[in-house]
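Residues per chain, in single letters:
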Amino acid sequence: MAEKYGYLGPEGTYCEEALSAYLGVSKEKAVPYSGIDRVIFALLAGEITYGLVPLENSTEGTVNITLDLMMTAPELKITGEIIMPIRHNLLARPGTKKEAITAVISHSQALAQCRNYLTEYLPQASVYEVGSTAEAARVAAGHGDCVAAIGNGAASARYGLEIIDRDIHDCKENCTRFAMLSRQENPNPPSAAKISLVVSITDRPGGLYQVLKEFALNNINLTRIESRPAKSRLGDYLFFIDLAGHLEDPVIVDCLQAVKDMSSSFRILGCYPVWESSGSGGKRSAERPLPSVDELRQNIDIIDYQIVDLLAQRTQMVSLIGGLKQGIKAVRDKKREQEVLERVRQNAHRKGVDPNLMERVYNILFEHFVDLQVKQQTCL
């Protein structure tokens with residue numbers, strides 16, 4: 001099957017504009033769909049090779065339906081992104097007067113991005129949501145002069161509408177990020193890129209902190225993190241994370257493995273070039289710079305703080321156990337110590353730390369904690 005690219009249609013949407021900017025796809029290869037869900041279902045059914053859908057907006061945040069649908073289809077991968085400036089215009093049939101408009105229709109995100117304008121200049125108008133800005137323009141073109149749409153210049157030309165007001169969005173730096181989805185991995189993984197992943201974390205104190213600290217200690221920049229309900233039990237959340245880096249970087253690989261080990265579920269959504277400007281596929285960002293000596297020392301300071309903090313927590317746990325051992329003569333449990341040492345040695349080997357060093361450290365800790373429990377028994 002020849003490559004086909006699905007997008008949120010109909011013709012005249014920002015998504016079509018993004019698709020054209022991303023690949024310059026011809027009309028024959030571009031297939032419009034009436035909803036984001038239709039794009040993704042068509043992709044899963046094999047009707048199209050790629051699907052371009054909106055992922056997030058700079059003022060209104062994530063397009064939730066995109067994330068939710070991606071979570072139901074683990075075979076989907078993000079293979080690219082494009083970030084487009086969004087310029088909303090008020091569109092209506094030629095000759096329409098603004099004061100005569102009683103209804104404004106558009107996509108929910110577009111309406112939200114123009115909330116202040118609508119309140120100030122069209123307080124008399126009711127707002128109605130449709131599946132896309134182009135669909136809004138199509139509907140407005142078929143109604144009387146009292147109906148307006150919010151959309152782009154392409155939609156006004158496509159549906160014979162007049163631009164009543166330009167750039168009506170509340171935030172002048174308004175941008176939308178679109179994701180290119182496929183059922184296949186990126187065939188040519190970029191050497192410098194962005195990685196998107198989703199993790200769920202077991203319900204424990206400091207669970208999210210433990211995940212985030214792995215990125216901080218490895219000097220990995222997180223460009224986005226967002227939580228979404230896991231759609232299971234109340235209180236269960238998924239965390240969508242974007243980070244700068246590529247899957248050929250051993251630091252990234254080790255960090256992601258550590259995050260995977262401490263997560264209840266873990267999935268890489270894709271590794272793809274970072275979009276920096278117009279052009280096919282966007283420009284690739286520069287390689288991740290090496291940290292300076294000062295930055296490394298700051299990381300060491302953070303680690304030292306965490307070591308003391310964790311030892312303090314371990315001391316509290318040992319004290320609690322000591323209280324439960326009241327009246328038991330044998331405070332020391334050699335079998336338990338040996339089990340701990342074996343786990344520590346295995347973990348140290350996996351992390352690239354000298355197992356003998358860690359065994360010596362833990363033997364010192366064992367002596368200290370046994371003395372602590374003995375003194376605790378004496379005081380009781």
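Residues numbered from 1 in each chain as written. Predicted model: local features only at pLDDT ≥ 70, side-chain atom pairs only at ≥ 80, totals over all residues. Heavy atoms only, no water.

For this particular structure, what's the right way to read the confidence of the model for the protein chain?
Reading predicted coordinates in detail is not appropriate for stretches of low pLDDT. Counting all residues, the mean pLDDT for the protein chain is 85, and 90% of those residues have values of 70 or more. Confidence, expressed as mean pLDDT per element, reaches its minimum in the protein chain at helix H8 (residues 207-217) with 83 and its maximum at strand E7 (residues 103-106) with 96. (pLDDT = per-residue confidence, 0-100. Helix = DSSP H or I, 4+ residues; strand = E, 2+ residues; numbered from the N terminus.)

Help me out: how do you make sense of the environment of glycine 142 in this one?
Examined against the element boundaries, glycine 142 turns out to sit in the loop between helix H6 (133-141) and strand E9 (147-151). Between the alpha carbons of glycine 142 and lysine 29 there is a distance of 28 Å; along the sequence they are 113 residues apart.

How do you make sense of the pattern of salt bridges when you look at a structure like this?
When their charged atoms lie close together, side chains carrying opposite charge are able to pair. Summed over the entire model, instances satisfying the criterion amount to 14 salt bridges. The residue aspartate 68 makes a salt bridge to arginine 228 at a minimum N-O spacing of 2.6 Å. Residue aspartate 68 is found in helix H3 (residues 64-71), and its partner arginine 228 is found in strand E13 (residues 222-229); the two are separated by 160 residues along the sequence. Assessed through its relative accessible area of 13%, arginine 228 is described here as buried. Residues joined in a network through salt bridges with shared partners are Glu56, Glu81, Arg177, Lys194, Arg224, Glu226 and Asp242. (Salt bridge = Lys/Arg side-chain N within 4 Å of Asp/Glu carboxyl O. Buried < 20%, exposed > 50% of the residue type's maximum accessible area, 1.4 Å probe, protein only.)

Just to check I follow, could you spell out the sheet that holds strand E12 (residues 194-200) for this structure?
Across the sheet, which stays open at both edges, the four strands sit in the order E13-E14-E12-E15 with antiparallel pairing between neighbours. Of all the strands in the sheet, the pair left with one neighbour each is E13 and strand E15 (265-272). Adjacent strand axes in the sheet meet at a mean angle of 15°, parallel and antiparallel pairs treated alike. With seven bridges connecting them, E12 and E15 associate as antiparallel partners. Note on E15: the bridge partner recorded for valine 198 is arginine 267. Running at roughly 160° to E13, H8 makes contact with E13 and strand E14 (237-244) of the sheet. (Pairing = 2+ DSSP bridges. Axes fitted to C-alpha atoms, helices over the stretch in contact; angles between N-to-C directions. Contact = heavy atoms within 4.5 Å.)

What is the right way to read the packing of aromatic side chains from this model?
Describing an aromatic ring pair means giving the distance of the ring centres and the angle of the ring planes. Within this structure, the stated rule accounts for three aromatic pairs. Ring centres 5.1 Å apart and planes at 15° place the aromatic pair tyrosine 5 and tyrosine 50 in the stacked group. In this pair, tyrosine 5 is assigned in strand E1 (residues 5-8) and tyrosine 50 in strand E3 (residues 50-57), connecting sequence segments 45 residues apart. For tyrosine 50, a relative accessible area of 16% gives the class buried. For the ring pair tyrosine 117 and tyrosine 121, a centre distance of 5.0 Å and an interplane angle of 35° mean the geometry is tilted. Here the residue tyrosine 117 and the residue tyrosine 121 both occupy positions in helix H5 (residues 115-121), the gap between them amounting to four residues, near one helical turn. (Phe/Tyr/Trp six-rings, centres within 6.5 Å; stacked < 30°, edge-to-face > 60°.)

Help me out: how do you make sense of the sheet that holds E7 in this one?
Within a beta sheet, neighbouring strands are joined by backbone hydrogen bonds and run either parallel or antiparallel to one another. Spatial ordering of the open sheet is given by E8-E7-E9-E6-E10, a layout of five strands whose pairing is mixed. Of all the strands in the sheet, the pair left with one neighbour each is strand E8 (126-129) and strand E10 (162-165). Pairwise comparison of adjacent strand axes, ignoring direction, gives a mean angle of 35° for this sheet. Where strand E6 (residues 89-92) and E10 come together, three bridges link them in antiparallel fashion.

Please clarify how unusual backbone geometry should be interpreted in this entry.
Note: most residues except glycine have negative phi, and most peptide bonds are trans. For the bond running from glycine 9 to proline 10, omega is 5°, close enough to zero to count as cis. Within the secondary structure, proline 10 sits in the loop between E1 and helix H1 (14-23). You will see that aspartate 167, though not glycine, has its phi angle at about 50°, which is positive. Positionally, aspartate 167 belongs in the loop between E10 and strand E11 (175-182). Of note in the backbone geometry, asparagine 219 takes a positive phi value of approximately 60° without being a glycine. Mapped onto the elements, asparagine 219 comes out in the loop between H8 and E13.

What's the story with the packing of H8 against helix H10 (residues 293-324) in this structure? I'm lost.
For any two helices packed against each other, the geometry is given by the interaxial angle and the distance between the axes. H10 packs onto H8 with a crossing angle of 150° between their chain directions and a minimal axis gap of 10 Å. By the angle between their axes, H8 is roughly antiparallel relative to H10. In the crossing of H8 with H10, the sense of the turn from one axis to the other is left-handed. Together, Tyr209, Lys213, Ala216 and Leu217 of H8 and Asn299, Ile302, Ile303 and Gln306 of H10 make up the contact between the two elements. Residue classes in the contact of H8 with H10 are distributed as five nonpolar, two polar and one charged. (Parallel < 35°, antiparallel > 145°, perpendicular 65-115°, else oblique. Left-handed = near helix turned anticlockwise from the far one by under 90°. Nonpolar A, V, L, I, M, F, W, Y, C, P; charged D, E, K, R; others polar.)

What's the story with the packing of helix H2 (residues 36-44) against H3 in this structure? I'm lost.
Remark: H2 packs on H3, axes separated minimally by 10 Å, with the N-to-C direction vectors making an angle of 25°. Regarding the angle of H2 to H3, the classification is roughly parallel. Here the hand of the crossing between H2 and H3 comes out right-handed. In contact with Ile36, Asp37, Ile40 and Phe41 of H2, H3 contributes Ile65, Thr66 and Leu69. Residues of the contact of H2 with H3, tallied by class, amount to five nonpolar, one polar and one charged.

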